[in-house]
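Geometric and topological summary
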Amino acid sequence: MTLFQKNNQKVNPKLVSLDLPTVHSIRKNVLYKNFSSTLVKYFEDDLKETVHYGLSINDEIISILTLIKQSFEYARKANSIQLRGMATLNSYQRKGFGSILLGKVIDKLKKEDIYEFLWCKSRFSVIKFYQNNNFTPIGDNFKIETIGLHQTLYYRLKHDQGL
């Protein structure tokens, strides 16, 4: 259990499932502030297999991510899940909350023992965040129109699979 101080009170960040309006609001405010509002809605958001998680402190959602059952191009036969739309509210950034959320989700995925890889397409500006959380870059960088340079990274959830 990780505790943090906020206004002289100890707080325990909790992993929670989220509804789409909350996810879309935080995506817009953090990831797509200067972009078209249409970008906040992903095609996969409403799919049965897609899940949305957040990190909550005192009932305030401060960090989010979406998990989409999606094959991983570098291990097509492996059961994989894609991380998309990870965002932390500006006032909570660079304080470890994104890593806490990611760690809680990785622990949950490992316990479920379904997927072999968790992977993402990271904006170039935050590749170090994923590397600091044990993700490995793979392949060449690429450009996503209007958003910029990206890099594919993966986290091995099961260590019996080759890559």
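Scroll up to find the structure this text is about.
Here's a quick rundown of the structure. (Residues numbered from 1 in each chain as written. Predicted model: local features only at pLDDT ≥ 70, side-chain atom pairs only at ≥ 80, totals over all residues. Heavy atoms only, no water.)

1. Some details on the sheet that holds strand E9 (residues 148-156)
Spatial strand order, E3-E4-E5-E6-E7-E9-E8: 7 strands in an open sheet with mixed pairing. The outermost strands of the open sheet, each flanked by one partner alone, are strand E3 (14-17) and strand E8 (136-144). Pairs of neighbouring strands in the sheet enclose a mean axial angle of 30°, with direction left out of account. The pairing of E3 with strand E4 (residues 51-57) spans 4 bridges and is antiparallel. Across the sheet, Val-16 pairs through a bridge with Gly-54, a residue of E4. (Pairing = 2+ DSSP bridges. Helix = DSSP H or I, 4+ residues; strand = E, 2+ residues; numbered from the N terminus. Axes fitted to C-alpha atoms, helices over the stretch in contact; angles between N-to-C directions.)

2. Section: the environment of Gln-151
Within the fold, Gln-151 resides in strand E9. For Gln-151, a relative accessible area of 9% gives the class buried. Along the sequence, Gln-151 and Glu-44 sit 107 residues apart, while their C-alpha atoms lie 20 Å from each other. (Buried < 20%, exposed > 50% of the residue type's maximum accessible area, 1.4 Å probe, protein only.)

3. Description of helix H1 (residues 20-31)
Here H1 is 12 residues long and its end C-alpha atoms lie 15 Å apart, about the 16 Å a rise of 1.5 Å per residue gives. The inward-facing, buried residues of H1 abut E4, strand E5 (60-69), strand E6 (80-88) and strand E7 (117-123). (Expected span 1.5 Å × (residues − 1). Contact = heavy atoms within 4.5 Å.)

4. Regarding the side chain of Thr-88
Position of Thr-88 relative to the elements: it lies in strand E6. A polar atom in the side chain of Thr-88 sits 2.7 Å from the side chain of Ser-63. Apart from the residues within four sequence positions on either side, Thr-88 is in contact with Val-30, Ile-62, Ser-63, Gln-93 and Gly-98. (Polar contact = N/O pair within 3.5 Å; in protein donor to acceptor, adjacent residues only side chain to side chain.)

5. Concerning the pattern of salt bridges
Scanning the model with the defined rule gives 4 salt bridges in all. Residue Glu-112 is joined to Lys-108 by a salt bridge in which the shortest nitrogen-to-oxygen separation is 3.6 Å. Highlighted residues: Glu-112 and Lys-108, both in helix H2 (residues 97-112), separated by 4 residues, approximately one helical turn. Across the pair Asp-113 and Lys-158 runs a salt bridge, and its minimum N-O distance is 3.5 Å. Residue Asp-113 is located in the loop between H2 and E7, and its partner Lys-158 is located in the segment after E9; the two are separated by 45 residues in the primary sequence. (Salt bridge = Lys/Arg side-chain N within 4 Å of Asp/Glu carboxyl O.)

6. A closer look at the nonpolar core
One finds Leu-65, Leu-67, Leu-83, Leu-102, Leu-118 and Phe-135 to be the most contacted residues of the largest nonpolar core, which totals 38 residues. Put simply, the parts of the chain that give this core at least two residues each are H1, E4, E5, E6, H2, E7, helix H3 (127-132) and E9. When residues in this core are grouped by element, the largest group, 7 residues, is from H2. Not counting residues up to four positions away in its chain, the partners in contact with Leu-102 are Leu-65, Leu-83, Met-86, Leu-118, Phe-129, Tyr-130, Asn-133 and Phe-135. By size, the runner-up hydrophobic cluster in this structure holds 7 residues, among which are Ala-75, Ala-78, Trp-119 and Tyr-154. (Core = buried A, V, L, I, M, F, W, Y, C linked by side-chain atoms within 4.5 Å.)

7. Observations regarding H2
An α-helix turns once per 3.6 residues; consequently, residues spaced three or four apart project the same way. With 16 residues, H2 extends 23 Å from end C-alpha to end C-alpha; this agrees with the ideal 22 Å at 1.5 Å per step. For H2, the set of buried residues is Phe-97, Gly-98, Ile-100, Leu-101, Leu-102, Val-105, Ile-106 and Leu-109. Residue Asp-113 follows H2 closely and has a positive phi angle near 55°.

8. Notes on the packing of aromatic side chains
Throughout the structure, instances matching the rule amount to 10 aromatic pairs. Ring centres 5.7 Å apart and planes at 45° place the aromatic pair Phe-72 and Phe-117 in the tilted group. Of this pair, Phe-72 sits in the loop between E5 and E6 while Phe-117 sits in strand E7, placing them 45 residues apart in sequence. Accessibility classification places Phe-72 together with Phe-117 in one group, the buried group. (Phe/Tyr/Trp six-rings, centres within 6.5 Å; stacked < 30°, edge-to-face > 60°.)

9. Quick look at unusual backbone geometry
One can expect most non-glycine residues to show negative phi and most peptide bonds to be in trans. In this structure, Asp-59 is a non-glycine residue whose phi angle is positive, near 65°. Checked against the element boundaries, Asp-59 lands in the loop between E4 and E5. The phi dihedral of Thr-146 falls on the positive side, at around 75°, and the residue is not glycine. On the secondary structure map, Thr-146 appears in the loop between E8 and E9. Take Thr-146: its relative accessible area is 54%, and that puts it in the exposed class.

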